[in-house]
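Understanding the architecture of this molecule
Okay, here's what each chain looks like letter by letter:
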Amino acid sequence: MTSPPSELRVLEAARVGPPPGSVPESSLPFTFFDIAWLYGRPVQRVFFYRFPHSASHFMESVFPTLKSALSLTLRDFYPLAGKVRLAPGSQSQYELHYAEGDCVPFVVAEHDGDFDDLSGCHPRQYTGVRPLAPQIPEPTDDDQRPVMALQVTLFPNRGLALAVAVHHLSCDGSSSTRFLSSWARRASGLEKASPAPPSFDRSSIPDPNDAYSKLLGLAADARNDESMMVQFAHPDAVIGTMTLTADDLRKLKATISSKAKNASFRCSDIVATYAYAWVSCVKARAPSAESTVHLVFAGNCRGRLQPALPAEYFGNCIVTIFCEAKAGDLAGEDGVVVAARIVGEGIEQFKAEPLRDAGKWLEKYRAIAMQRPLAVAGSPEFKVYDVDFGWGRPVKVDMPSIAWIGTISVAESRDESGGVEIGLVATKTEMDQFVAHFSHGLKLLHKF
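Quick notes on the rules
- Residues numbered from 1 in each chain as written.
- Predicted model: local features only at pLDDT ≥ 70, side-chain atom pairs only at ≥ 80, totals over all residues.
- Heavy atoms only, no water.
- Helix = DSSP H or I, 4+ residues; strand = E, 2+ residues; numbered from the N terminus.
- Rg over C-alpha atoms; globule rule 2.2 N^0.38 Å.
- Buried < 20%, exposed > 50% of the residue type's maximum accessible area, 1.4 Å probe, protein only.
- Contact = heavy atoms within 4.5 Å.
- Areas by Shrake-Rupley, 256 points an atom, 1.4 Å probe, with all protein chains shown as cover.
- Pairing = 2+ DSSP bridges.
- Expected span 1.5 Å × (residues − 1).
- Core = buried A, V, L, I, M, F, W, Y, C linked by side-chain atoms within 4.5 Å.
- pLDDT = per-residue confidence, 0-100.
- Axes fitted to C-alpha atoms, helices over the stretch in contact; angles between N-to-C directions.
- Parallel < 35°, antiparallel > 145°, perpendicular 65-115°, else oblique.
- Polar contact = N/O pair within 3.5 Å; in protein donor to acceptor, adjacent residues only side chain to side chain.

Scanning the protein from N- to C-terminus turns up 12 helices and 17 strands. For 448 residues, the compact-globule estimate of 2.2 N^0.38 gives 22 Å, and the C-alpha radius of gyration of the protein, at 22 Å, lies within 12% of that figure. Projected onto its principal axes, the C-alpha coordinates of the protein cover approximately 60 × 55 × 40 Å. Taking all 448 residues of the protein together, the buried fraction comes to 54%. Partitioning the intrachain contacts of the protein with sequence separation of at least 6 by distance along the chain shows that 79% fall at a separation of at least 24. Surface accessibility of the protein: about 18,900 Å² in total, with carbon and sulfur atoms responsible for 50%.

Attention now goes to the pairing of strand β11 (residues 238-244). The buried fraction of β11 is high, at six of seven residues. Bridging between strand β7 (residues 124-125) and β11 involves two bridges; their strand directions are antiparallel. From the neighbouring strand, Gln 125 faces β11, where its bridge partner is Val 238. With seven bridges connecting them, β11 and strand β17 (residues 420-426) associate as antiparallel partners. Paired with Met 242 across the strands is Ile 422, a residue of β17.

Moving on: the sheet that holds strand β5 (residues 94-98). Pairing is antiparallel in the open sheet, where four strands are placed in the order β2-β5-β4-β8. A single partner strand is all that each edge strand has here, and the edge strands are β2 (26-29) and β8 (145-146). Two elements, strand β4 (residues 83-86) and β8, share two bridges in a ladder whose sense is antiparallel. Across the sheet, residue Val 84 finds its bridge partner in β8, namely Arg 145.

On to helix α6 (residues 211-223), then. With 13 residues, α6 should cover 18 Å at 1.5 Å per step; its first-to-last C-alpha distance of 18 Å lies within 8% of that length. Every buried residue belonging to α6 is among Ala 211, Tyr 212, Leu 215, Leu 216, Leu 218, Ala 219 and Ala 222, and all of these are buried. In this structure, the buried residues of α6 make contact with α1 (32-35), β5 and α11 (361-368).

So, on to the nonpolar core. In this structure, Leu 66, Trp 183 and Trp 278 are the most contacted members of the largest nonpolar core, which totals 122 residues. Per-element tally for this core: the top contributor is helix α8 (residues 269-285), with 11 residues. Sequence-distant contacts of Leu 66, that is, excluding residues within four places in its chain, are made with Phe 58, Phe 106, Val 152, Trp 183, Ala 187, Phe 389 and Trp 391. In terms of nonpolar packing, the next biggest core, distinct from the first, is built from 18 residues, Tyr 126, Ala 133, Ala 163 and Ile 402 among them.

Mean pLDDT over the protein stands at 93; residues scoring 70 or higher make up 95%. Note that residues 1-5 has pLDDT below 50 and, in this model, 15 contacts with residues that lie over four places away or in other chains.

Another point: the packing of helix α7 (residues 246-259) against helix α10 (residues 335-352). Look at α7 against α10: their axes get within 9 Å of each other, and the N-to-C directions meet at 85°. As summarised for this structure, α7 and α10 are arranged roughly perpendicular, according to the angle between their axes. Where α7 abuts α10, its residues Leu 252, Ile 256 and Lys 259 lie against Val 336, Val 337 and Ala 340.

Inspection of the secondary structure assignment puts Asn 300 in strand β12 (residues 292-300). The class for Asn 300 is partly exposed, based on a relative accessible area of 37%. Residues Asn 300 and Lys 364, spaced 64 residues apart in sequence, show a C-alpha to C-alpha distance of 19 Å. Apart from the residues within four sequence positions on either side, Asn 300 is in contact with Cys 317, Ile 318 and Phe 350. For Asn 300, the side chain forms a polar contact with the main-chain nitrogen of Arg 302, separated by 3.0 Å.

Our focus in this paragraph is unusual backbone geometry. The amide bond that connects Gln 306 to the next residue, Pro 307, takes the cis arrangement and shows omega of 0°. Mapping Pro 307 onto the fold places it in the loop between β12 and β13 (318-326). Here Asn 157, not a glycine, exhibits a phi torsion of approximately 65°, which is positive. Following the sequence through the fold, Asn 157 ends up in the loop between β9 (148-155) and β10 (159-167). Its identity as a non-glycine residue notwithstanding, Arg 372 has a phi of 55°, on the positive side. With respect to the element layout, Arg 372 can be found in the loop between α11 and β14 (374-377).

Take the sheet that holds β11 next. Reading across from one edge, β7-β11-β17-β16-β14-β12-β13 is the order of the seven strands in this open sheet, with mixed pairing throughout. The open sheet terminates on both sides in strands that have one partner only, identified here as β7 and β13. This element, α8, spans β11, β12, β13, β14, β16 (407-412) and β17 of the sheet and lies at about 150° to β12. Along the sheet face, helix α12 (residues 428-445) touches β11 and β17 and points at about 10° away from the line of β11.

Take a look at the structure:
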């Protein structure tokens, strides 16, 4: 493991916005999908790239291009340069407001740490990765909240870490990774192949059972609830990544399908991944057999509303899917099969009634928060390893923000088509147990 990093040396603290006069002042009203995240914490991603050049080369030859490409991308994704505020004259309707002059803070720093160690998959000290993620500025005097910050950390002649922090209240992972992909394509000179521009039309999004008002009240209550604000990252926590290869997933799905008789769900790669990670985590934590353990993950509603929203819709459009089981059932011989059935049936129920529990998600999460539910952040569908700024594909992508509520991150495997990476922040002891159970289960799987 790496030792705690030396202090970062800031080389430049810039502010970048859309080109002057290119975007009129505008506001996006919050929907019930957004308001649930009103007091949530920022989502952070760190992209590690090989960059065998000096800091001066970056500042003189690369940073100007990055800033120019960012400005043009913010012309399309202008809400990310804006701030969250209460709509004028309202005490309950929040909006994402952009005005001329709004900018995103963009810091460049230098670091003399070990790039190869920090960008590895092995367990590394969390305190080594955390400073690579930017800090979003505090709310302004009139309580308007910025929503995004960027940072590049240079490891001279070795590599760099490009990181983003985005408040979830502004958009979900689908929107934020579309922004990153668009920025990267512009910076690399491939703007002709940029993704389609974002869609901001919210006119067809429903508010079932007055979900907005219910979630606003729950969000305000949760703001002062310590059970919702616990950071489970121990001071000596480590961050590490395990991978399920395409062959692992094929065998996992075959095993689950052969044992899950009369299954009412499809055993997809996601079902197998979530089930296997959940079981490995339960075994690592070793709760009592009669304890109830929880898994929560997101379901994308864009294609499931009536009428459906385009994939390019900007904002939040996800619901939370809750799964629970007895710890002893998941720790048993057929624990992965049990977990897969629960996860799979949860997904099928979501498909049938995506907005069934609208307005209740925060209340349900609050009820289990102190039981350390395993939450899932990210998705293999985001294709984070395709975010290429012209320096090649990332050598590693981490999500430092998963430390806050005991979350795992999931992404497509960098090195193999069809594989899935699973990131975790835990104490050294718990990480060792997770890795041991994760690896042992795969060895048993491949014996047959």
